[in-house]
Amino acid sequence: MSMSKKALLDRLFPAGHEVIEAGQVLCGWGQTAAGRVHVIGTTEHAAIDTRIALALSAAVLRGVADDGNQPRPIVFIADTQGQALSRREELLGLNGYFAHLARCVNLARSAGHRLVTLIDGEAVSGGFLAFGLLADVIVALPGAEVRVMDLRAMARITRIPYERLTELAGFSPVFAPGADNYWRMGGIHALWTGTEDWAAQLQALLQGSHEDERARLGAERGGRKLAASVAQEVLHGHG
Amino acid sequence: MMTSAPQSFREASARLRVQGLLDAGSFTEWLGPARRITSPHLAALDAPVSFDDGVVVGQGLLEAQLVVVIAQEGLFNGGAVGEVHGAKIRGALLRAIEVRARAVLLCVDSGGVRLHEANAGLIAISEIMRALFAAQAAGIPVIALVGGTCGAFGGMGIVARLCDALLISEEGRLGLSGPEVIETVKGVEEFDSRDRALVWRITGGKIRRTLGEATLLLDDDIAAFRAAAAKEMMGSKTMGDSPRQRGLSPDALQTLEAAQRHLEARAALDPGIRDGQQVWQHMGLGEEVALMDPAEFNRCLEARER
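Bear in mind the structure is a predicted one, so any value in this text is a computation, not a measurement.

### Brief notes about the packing of helix α2 (residues 50–67) of chain A against helix α10 (residues 252–267) of chain B
Pairs of packed helices are described in terms of their axes, by the angle between the two and the distance that separates them.
In step 1: Their axes nearest at 11 Å, the elements α2 of chain A and α10 of chain B cross at an angle of 155°. Viewed along their axes, α2 of chain A and α10 of chain B adopt a mutual orientation that is roughly antiparallel. You can see that α2 of chain A and α10 of chain B cross each other, and the crossing is left-handed. In this structure, α2 of chain A uses Thr-50, Leu-54, Ser-57, Ala-58, Leu-61, Val-64 and Ala-65 of chain A to contact α10 of chain B, whose residues at the interface are Leu-253, Leu-256, Glu-257, Gln-260, Leu-263, Glu-264 and Ala-267 of chain B.
In step 2: A per-class count over the contact of α2 of chain A with α10 of chain B returns nine nonpolar, three polar and two charged.

This is the structure in structure tokens:
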């Protein structure tokens, strides 16, 4: 296992952990003051392909099956550059593998497992959608990069000058990469700093609501002013 | 009953699709274009806006049953999901629970996240996934209809596969990364996005149906989509008026474990297989596959699946 992932696990679980890394997939457990939690994730900015998606969904299903009526929290470590780009993977139906993984994560939630995502490294686009972004609470660790696409590629595709995008990115959180932008939009619940006690902070997140509060958070923080109100209007059937 | 000439699903606008899918005159739209709720983020970039932000949501009747319908407009920004667009879809899925709809019809016609508001779009798709799970947990089947010009890609390709049924036309396309993206990053030898026949053999309705990624292959005809959606709605085991108990349904774990084994078997296909044609050969299906009409093709696969 990479030194940085080992250091992260030591810091999160000073009372002990046993996590195996195989083929960019992390799987195991960590000891918290409230008991053991599952640790499932990816490393080295993994490009999520069918193999990795299946390893993650298998780990989630095993956790749900093993715990039965005593569902333990699941801590997802997200480090992904996005989905694998490959003709073979598309032929297999990679979107269907991601949907299966998402269903497994949702099954875990329904079965009572608390779901916490820690972004360590990168969280990009489809790879992030498939599991990390579905947790009850999402935390970005220092240095985490969160994005759909970098600004140069975005400029090329939207045909909006790069300079214009960088200028706008200075005050709008809506398109530019950055964990802080996702925080302002309610997509990330907390940004941890390097000096805090992560074990204690993780412990505090192991209980809480299963509801999706992200749109409300985005409105409160001023980064996403319409998502909550528009959804509410439709929910009330306004014409 | 009068039979009318087929009306192409692919060529129709989102609004025409909605009209053609529902019982005549039964549609009521929520946050319609008269409200002019447009994307402030597109406006900030001087990009064109649309009075419905590229998605039509509302309720109506399908065979006299109350349904919620969501239809993305592929002609506006490739049906891409932004803040308002995504919030309308999420709201409609939650509204379906509120009104105890018999089903949700989700016409996906989208390349995924709208780059002009990429962060809002990505979070919105995750919120749509959560709302879709909530509708399903309340016993409301969500039926995806894929047959528009943009297909179902990116996050909306994932959402489409979360649905209880996925109806696709032969011209419909379903995937995660579009061929152009793969070609740009990995090179033309990996995926030639201008080879239309190849693109169809990877992403098209026939290969998606073959692999079980789609429930049913359909003609490019709105009436065919309507009939198939009605059949799925009537045949679904879940009932809109009897929400399942919140929590783990006893068969959910076994169902997903079976799905896991199925997907593992598919991923173990000979690594040399990189083209839909090879899949058909591997299954012992010959050249005639490409020529079969959708009804014949469904029958052929159903016979093998039994």
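### Details of the packing of aromatic side chains
In step 1: Across all of its chains, the model carries four aromatic pairs over all chains by this definition.
In step 2: Between Trp-200 of chain B and Trp-280 of chain B the ring centres are 6.1 Å apart and the planes differ by 45°, which places this aromatic pair in the tilted class. Of this pair, Trp-200 of chain B sits in helix α7 (residues 196–203) while Trp-280 of chain B sits in helix α11 (residues 276–282), and the two are 80 residues apart along the sequence.
In step 3: If you follow Arg-36 of chain A out to its NZ or CZ, it ends over the ring of Trp-29 of chain A, 3.5 Å from the centre.

### What about the state of the cysteines?
In step 1: Under the defined criterion, the tally for this structure stands at zero disulfides over all chains.
In step 2: With no disulfide of its own, Cys-163 of chain B lies 11 Å from the sulfur of Cys-107 of chain B, the closest cysteine sulfur.

### Examining the pairing of strand β5 (residues 74–83) of chain A
All names here are of chain A.
In step 1: Burial runs high along β5: nine of the ten residues are buried.
In step 2: In this sheet, β5 lies alongside strand β3 (residues 35–42) in parallel orientation, the contact comprising four bridges. Note that in β5 the partner of Val-39 across the bridge is Val-75.
In step 3: Note on the crossover from strand β4 (residues 46–48) through α2 to β5: the handedness is right-handed.

### So, the packing of α2 of chain A against helix α4 (residues 94–110) of chain A
Residue and element names in this part refer to chain A.
In step 1: Relative orientation of the contacting elements α2 and α4 amounts to 20°, with a least axis distance of 9 Å. Overall, the two elements α2 and α4 adopt an arrangement that is roughly parallel. The way α2 lies across α4 gives a crossing that is left-handed. For the pair α2 and α4, contact is made by Thr-50, Ala-53, Leu-54, Leu-56, Ser-57, Val-60, Leu-61 and Val-64 and by Leu-94, Tyr-97, Phe-98, His-100, Leu-101, Cys-104, Val-105, Leu-107 and Ala-108, respectively.

### Focus: the interface of chain B and chain A
When the parts of a complex come together, some accessible area is lost, and that lost area is often taken as the interface size.
In step 1: Listed by partner, the interface residues are 84 residues for chain B and 74 residues for chain A.
In step 2: Summing both partners gives a buried area of about 6,800 Å² for chain B against chain A, and 65% of it is carried by carbon and sulfur.
In step 3: In this assembly, chain B and chain A are joined by three salt bridges.
In step 4: With a shortest N-O distance of 2.9 Å, Arg-35 of chain B and Glu-233 of chain A are connected by a salt bridge.
In step 5: Counting across the interface, chain B meets chain A through 39 residue pairs in polar contact (both at pLDDT 80 or more).
In step 6: It is helix α4 (residues 118–137) of chain B that contributes the most residues to the side of chain B that touches chain A, twelve residues altogether.
In step 7: For the side of chain B that touches chain A, the per-class residue count stands at 45 nonpolar, 14 polar and 25 charged.

### Describing the nonpolar core
In step 1: Judged by nonpolar contacts, the single largest core of 136 residues is most densely connected at Ile-119 and Phe-175 of chain A together with Ile-70, Leu-93 and Met-129 of chain B.
In step 2: Tallying contributions element by element places α4 of chain B first for this core, with twelve residues.
In step 3: With residues near it in sequence (within four places) discarded, Ile-70 of chain B still touches Val-55, Val-56, Val-57, Ile-89, Ala-92, Leu-93, Val-104, Leu-105, Leu-106 and Cys-107 of chain B.
In step 4: Counting 25 residues, the second-largest nonpolar core is a separate cluster that includes Val-67, Ala-71, Ala-103 and Ala-165 of chain B.

### Notes on the sheet that holds strand β4 (residues 103–108) of chain B
Residues and elements named next belong to chain B.
In step 1: Spatially, seven strands are ordered β1-β2-β3-β4-β5-β6-β7 in an open sheet, and the strand pairing comes out mixed. The strands lining the two open edges of the sheet, one partner per strand, are β1 (28–30) and β7 (216–218). Along the sheet, successive strands turn relative to each other by an average axial angle of 25°, direction set aside.
In step 2: Of the strand pairs in this sheet, strand β5 (residues 142–146) and strand β6 (residues 165–169) are connected by four bridges, and their pairing is parallel. Residue Ile-143 lies in a different strand from β6, and its bridge partner there is Ala-165.

Definitions and limits used
- Residues numbered from 1 in each chain as written.
- Chains lettered and ligands numbered in written order.
- Predicted model: local features only at pLDDT ≥ 70, side-chain atom pairs only at ≥ 80, totals over all residues.
- Heavy atoms only, no water.
- Axes fitted to C-alpha atoms, helices over the stretch in contact; angles between N-to-C directions.
- Helix = DSSP H or I, 4+ residues; strand = E, 2+ residues; numbered from the N terminus.
- Parallel < 35°, antiparallel > 145°, perpendicular 65-115°, else oblique.
- Left-handed = near helix turned anticlockwise from the far one by under 90°.
- Contact = heavy atoms within 4.5 Å.
- Nonpolar A, V, L, I, M, F, W, Y, C, P; charged D, E, K, R; others polar.
- Phe/Tyr/Trp six-rings, centres within 6.5 Å; stacked < 30°, edge-to-face > 60°.
- Lys NZ or Arg CZ within 6 Å of the ring centre and 35° of its normal.
- Disulfide = S-S within 2.5 Å.
- Buried < 20%, exposed > 50% of the residue type's maximum accessible area, 1.4 Å probe, protein only.
- Pairing = 2+ DSSP bridges.
- Right-handed = clockwise from strand over helix to strand, strands pointing away.
- Buried area = accessible area lost by both parts, 1.4 Å probe.
- Salt bridge = Lys/Arg side-chain N within 4 Å of Asp/Glu carboxyl O.
- Polar contact = N/O pair within 3.5 Å; in protein donor to acceptor, adjacent residues only side chain to side chain.
- Core = buried A, V, L, I, M, F, W, Y, C linked by side-chain atoms within 4.5 Å.

Functional significance is not addressed by these values, which are geometric in nature.
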